[in-house]
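# Close look at the chain arrangement
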Amino acid sequence: MQARIQNPAQLIPGVTQPVLALLKATRAGGVPESTLELVHLRASQIGCSYCVDAGVRSARKGGERDDRLFAVAAWREAPYFTDAERAALALAESATRLADSPDPVPDAVWDEAARHYDERGLAALTLMIGVTNLFNRFNVTTRQPAGASW
């Protein structure tokens, strides 16, 4: 696959740094880095090969184990995740698949996440999901190939 255009975040001056700053800020919410990486990976698996590739590389760099990375797509059945991570992954799926349900983020999903994370943590998760979906949207739209860097 060849990109349709250069990565939009690089093409328009002044975009890359604020987007990366927002991504960095999500790490200040008290959610473990590994959970944020898993959330990024799961949201990316729903539609962006570029982001899956980048997410796996980032998670590995942070020390994440391959067995957990391989199982993220099947997190409900895999024994590798804590209840808090499962709640974060469920939130990531719901918030990413907004058009798939008349109640995109059901109270049960939110309430389970809120059992494990305080407001700052929920904010960090929500921002991570949103930023990931921003990346997913512009990378998929412009067909950025997996393995490319910006």
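Parameters at a glance
- Residues numbered from 1 in each chain as written.
- Predicted model: local features only at pLDDT ≥ 70, side-chain atom pairs only at ≥ 80, totals over all residues.
- Heavy atoms only, no water.
- Helix = DSSP H or I, 4+ residues; strand = E, 2+ residues; numbered from the N terminus.
- Contact = heavy atoms within 4.5 Å.
- Phe/Tyr/Trp six-rings, centres within 6.5 Å; stacked < 30°, edge-to-face > 60°.
- Buried < 20%, exposed > 50% of the residue type's maximum accessible area, 1.4 Å probe, protein only.
- Salt bridge = Lys/Arg side-chain N within 4 Å of Asp/Glu carboxyl O.
- Expected span 1.5 Å × (residues − 1).
- Core = buried A, V, L, I, M, F, W, Y, C linked by side-chain atoms within 4.5 Å.

## Things to note about the environment of Pro-145
- Considering the arrangement of structural elements, one finds Pro-145 in the segment after α8 (119–141).
- Each C-alpha atom, one on Pro-145 and one on Cys-48, is 9.3 Å from the other, the two residues being 97 residues apart in sequence.
- Beyond its immediate sequence surroundings of up to four residues, Pro-145 is in contact with Met-1, Ala-3 and Tyr-50.

## Quick word on the environment of Gly-29
- Turning to its location among the elements, Gly-29 is positioned in the loop between α2 (16–25) and α3 (33–45).
- Along the sequence, Gly-29 and Ala-124 sit 95 residues apart, while their C-alpha atoms lie 5.0 Å from each other.
- Filtering out sequence-adjacent residues up to four positions away, Gly-29 remains in contact with Asp-118, Arg-120, Gly-121 and Ala-124.

## Digging into the packing of aromatic side chains
- Taken as a whole and judged by the stated rule, the model has two aromatic pairs.
- Note on Tyr-80 and Phe-81: the rings are 6.5 Å apart at their centroids and 85° apart in plane angle, and the pair reads as edge-to-face.
- Under the relative-accessibility criterion, Phe-81 is labelled buried at 7%.

## Concerning unusual backbone geometry
- The residue Arg-143 is not glycine, and still its phi comes out positive at about 55°.
- The topology assignment puts Arg-143 in the segment after α8.
- Owing to a relative accessible area of 41%, Arg-143 belongs among the partly exposed residues under this scheme.

## Brief notes about the pattern of salt bridges
- Taken as a whole and judged by the stated rule, the model has 11 salt bridges.
- Measuring nitrogen to oxygen at the nearest pair gives 2.5 Å for the salt bridge that ties Arg-68 to Glu-64.
- Classification of Glu-64 as buried rests on a relative accessible area of 12%.
- The residue Glu-85 makes a salt bridge to Arg-68 at a minimum N-O spacing of 2.7 Å. With Glu-85 in helix α6 (residues 83–96) and Arg-68 in helix α5 (residues 66–71), the pair connects residues that are 17 residues apart, well separated along the chain.
- The exposure class of Arg-68 is buried, given its relative accessible area of 6%.
- One network of salt bridges, in which partners are shared, links Arg-27, Glu-33 and Glu-37.

## Quick look at α6
- The terminal C-alpha atoms of α6 lie 20 Å apart, and with 14 residues this matches the ideal 20 Å at 1.5 Å per residue to within 8%.
- Burial runs high along α6: 11 of the 14 residues are buried.
- All of the buried residues in α6 are Glu-85, Arg-86, Ala-87, Ala-88, Leu-89, Ala-90, Leu-91, Ala-92, Glu-93, Ser-94 and Thr-96.
- Summarising the contacts, the buried residues of α6 are in contact with α3, α5, α7 (107–116) and α8.

## Looking at the nonpolar core
- If you look at the biggest cluster of nonpolar residues, it comprises 36 residues, and the most contacted ones within it are Val-39, Phe-81, Leu-125 and Phe-135.
- Top element by residues in this core is α8. It accounts for eight residues.
- Excluding its chain neighbours within four sequence positions, the residues that come into contact with Val-39 are Ala-88, Leu-89, Ala-92, Leu-125, Met-128 and Ile-129.

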